[in-house]
Structures are given as C-alpha cells and as structure tokens.
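These are the residues of each chain, in order.
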Amino acid sequence: MVRPVHAPNHSEQTPETFSPDSRQAWIRLVLALLIGSIGGVGMWAIVVMIPAVQTEFSATRGAVSLAFTLMMFGFGLGGVIAGKITDRFGIVPAMAISIAFLGVANVLAGLSTQLWQFVAAYFLIGLGTSATFAPLMAEASHWFERYRGLAVTIVASGNYFAGTMWPPIVNWGMQEVGWRHTHIGIGLVCVVLMTILVLVLRAQIGHDKVHDHANAPPPRVDLKLSTNTLTVLLSIAAISCCVAMAMPQVHIVAYCGDLGYGVARGAEMLSLMMACGIVSRIGSGFLADKIGGIRTLLIGALAQGFALVFYLFFDSLASLYLISAMFGLFQGGIVPSYAIIVREAMPAREAATRVGIVIFASVFGMSFGGWVSGVIFDATGSYAAAFANGVAWNAVNISIVLTLLIRSRMSATKAGPGFAT
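Please read all numbers here as calculations on a predicted model, not as lab measurements.

### Brief notes about the nonpolar core
One broad rule of soluble globular proteins: the nonpolar side chains tend to lie buried together.
(1) Moving on: Phe-118, Tyr-122, Leu-234, Tyr-311 and Tyr-338 are the most contacted members of the largest nonpolar core, which has 123 residues in total.
(2) Moving on: Here the element with the most residues in this core is helix H9 (residues 227–259); it accounts for 18 residues.
(3) Moving on: Split by domain, the residues of this core number at least three in each of domain 1 (22–206) and domain 2 (217–411).

### Some remarks on the packing of aromatic side chains
(1) Moving on: Counting across every chain of the model gives 17 aromatic pairs.
(2) Moving on: Centre to centre, the rings of Phe-75 and Phe-133 are 5.7 Å apart; their planes meet at 45°, and the pair counts as tilted. Here Phe-133 lies in the loop between helix H5 (115–130) and helix H6 (134–141) and Phe-75 lies in helix H3 (residues 61–89), a separation of 58 residues in the sequence.
(3) Moving on: The exposure class of Phe-75 is buried, given its relative accessible area of 6%.
(4) Moving on: The exposure class of Phe-133 is buried, given its relative accessible area of 6%.

### Notes on the environment of Gly-369
(1) Moving on: When you line up the elements, Gly-369 lands in helix H14 (residues 348–380).
(2) Moving on: Look at Gly-369 and you get buried, because its relative accessible area is 0%.
(3) Moving on: Between the C-alpha atoms of Gly-369 and Gly-390, which are 21 residues apart in sequence, the distance is 8.1 Å.
(4) Moving on: Those residues in contact with Gly-369 that lie beyond four places of it in its chain are Val-243 and Ala-246.

What counts as what
Residues numbered from 1 in each chain as written. Predicted model: local features only at pLDDT ≥ 70, side-chain atom pairs only at ≥ 80, totals over all residues. Heavy atoms only, no water. Core = buried A, V, L, I, M, F, W, Y, C linked by side-chain atoms within 4.5 Å. Buried < 20%, exposed > 50% of the residue type's maximum accessible area, 1.4 Å probe, protein only. Helix = DSSP H or I, 4+ residues; strand = E, 2+ residues; numbered from the N terminus. Domains from an automatic or database assignment. Phe/Tyr/Trp six-rings, centres within 6.5 Å; stacked < 30°, edge-to-face > 60°. Contact = heavy atoms within 4.5 Å.

Take a look at the structure:
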C-alpha cells in the first residue's frame, strides 16, 4: 500500500504572508499613529494644568513644573525598558503595560492630595506614555523598507497629534469638571480606546517576526568619529536643542495666563504649535531623503533659534499665535533627524541602541528645560530670561551640528563624490 504523500507546508510563502510596504503595513501604521495620538496625552495634560495645580497646592511655578520634569524622565527611562520588552516579547505586551500605567497613574493624579503625590503620579504617567513613542517607531521600521523613513516620522508625529487635539479637550474638562476629574476621565479614555486599538493591531500583526537588519546597507556618511564619540556629541546636541524647545512647549499656557490672555488662549497656541509640528516632522523625512540628516537637523536648529528670538520681542495676542505656529513649523523635524543621522553614520547593528540613547538625552533636555524655565520665572518674575536661556542652549546645538556638517563635507571631499549624503 502506497502511503499518502503530504505536500510541504509553504504557508510562509503564501500571498497572505505579510510583506513590507504593503497595504497591511499601512494599516498597521495608521493603528500605531492612533495609539500614539491617544497615549501621548500624558505629555501635554500637565502643560495645560500648571496654573490650576499651582493654585490648588499654593506652590511655585518651578515646583509644579517638576511634574513635567519627572514625567519626561519616566518617558525616557520607560522608552528603554519598553524597548527591551518589545525586542523580547513584541509590541503588544509593551503596550498592555503602557495602558495599565496610564490608567492607574491618571487616576492617582486626580486623587492626589499633596503636590508630591501629583508629581510622583506624573512619573508613572511618563512610564506609561513611553511605549507610544520609541518602541512604536522601532516596530514600524520593521513594516517598511522603501518608505521606512517616512513611516518612522509618521509614528513620531503621534505625540504631536496628541499635542494638537488634547490641550483643548483638557482645558474644556478643567472648565467643566475640574482638573481632578479630568485626570480620571483621561485615564478611563486611554484604557478603553488604546485597548481596542492594541487588540486590532495584535490581530494585524499575528505571528510575524521582527525583520533582521543584518543585511542592511552600510553607513553612508563617514564623520571620522568613533560611534561612542558621535553618540556623545549627538546626545549633547539633543539636550541643548530640547532645553530650548521646552520653554514654549511647557510654559506657553502659563505665559498666556500671566499676560492676561487666559489659559484657553495658551492651550489653543499649544495645539497650533503641535499641528504645525506635524507638518514639519513628516516633511523632515522627505527633506532628509534629499539632503541628509545633518543638513536637515541644522536647518531645524537655525529655524528654532530664529523663532525663539521673536518670543523675546513680541507678546501681543496675535503675534504669539503667529510665533507659536512658526515655532511648531520650524522645530518639529529636529528630534527625528537624530535617528536619521545615527542610521546614516553608524552600523545598522548598533542603530537601535544608539537611537535609544540619543532620544533619552533629548527627553532629559525637555524635562530639564521645562523645570529650569519655571525656576528662572520664579527668580525673575518674567519669562524673558527663560526665552533668552533657550536661545543660548540652541546656539550650543547649532555649533555641534555645524561641526558635524564640516566633518562630513571634509570626509566626502577626501572620499570622492557619492559617499556622503
């Protein structure tokens, strides 16, 4: 009797198998963007609530700003932890932990009876928010090959979408039910909506494996620097630019309140700033494909400094709307440019680790910048010195990027045409 012959299982080669840049990849990207847009609320709610919380606890501006500082520290630290969880277990478990932290921490913030409790809750909120940024960007990079840069910048725009849509919602909630109940409502909304989206993403991902980058192209830019030296320089640059960036982003709402325009106007300016940041963040991906990450970063740094100087000389309501839009349009592409530079100048096998370090440095810069701006305000009674402080830090960033650009041009000249971007 002839035994039946079974055809080998080629299920991995079937048309249904996931392929990069496919329609399924774009569906995943949309889901990731929605998750980041909802989970990113933790980065922006405190910006709107600073005046109300300051009044509630009879605290200084610097003391309340510490909540933003610890939130950003938790955001940076959590990005490293969530990244390791993602590498080992996948993005879904990392997001599940993120959802739990966001839900619990927002409720704790709403129930806090002392300022230290509120600040501690925001550290937990930062840990929860972290999975919606760097780990999602890393995961999206495995779904695309031809459009990988664009995909990463789209996912990175999730926190700017959050900055666009959440401040007016948070401000409305504060006016209707107070900042405490608004926090609790945010926690419930995050748990429900993010859980639904993550379950859909899990169904989309299935059992697909993370793509291997062992055969990725070699670096395109030779800066004649060791990876450690370049990482340190990029980290210092990231800290410097983000200290400058934090002043308008963290304090624009409070600034408008101090000028007599009201918190609502400040929240609108923050939303406008983030909306324009979305345009520049995605546009930076296209620009970097044309001129390289270093030049893209330099353009963003110069433009950001230009906008900060305008804050020093104009404070009418109309001018603040205009400058805030300009600031968002100029600075949105800065942070993703660091990731692009790392990939252009470092081996692919080190890219994920190096990007994580530089992004953590940028988060430190944002947290420190948000805090020190509040301290400067407390010391001077004005935000003028805080804006000047931002301009000075931005100059440090520009000097570092200029140095890298000069080295890249020198290396390109020695190596011949076609080497550097």
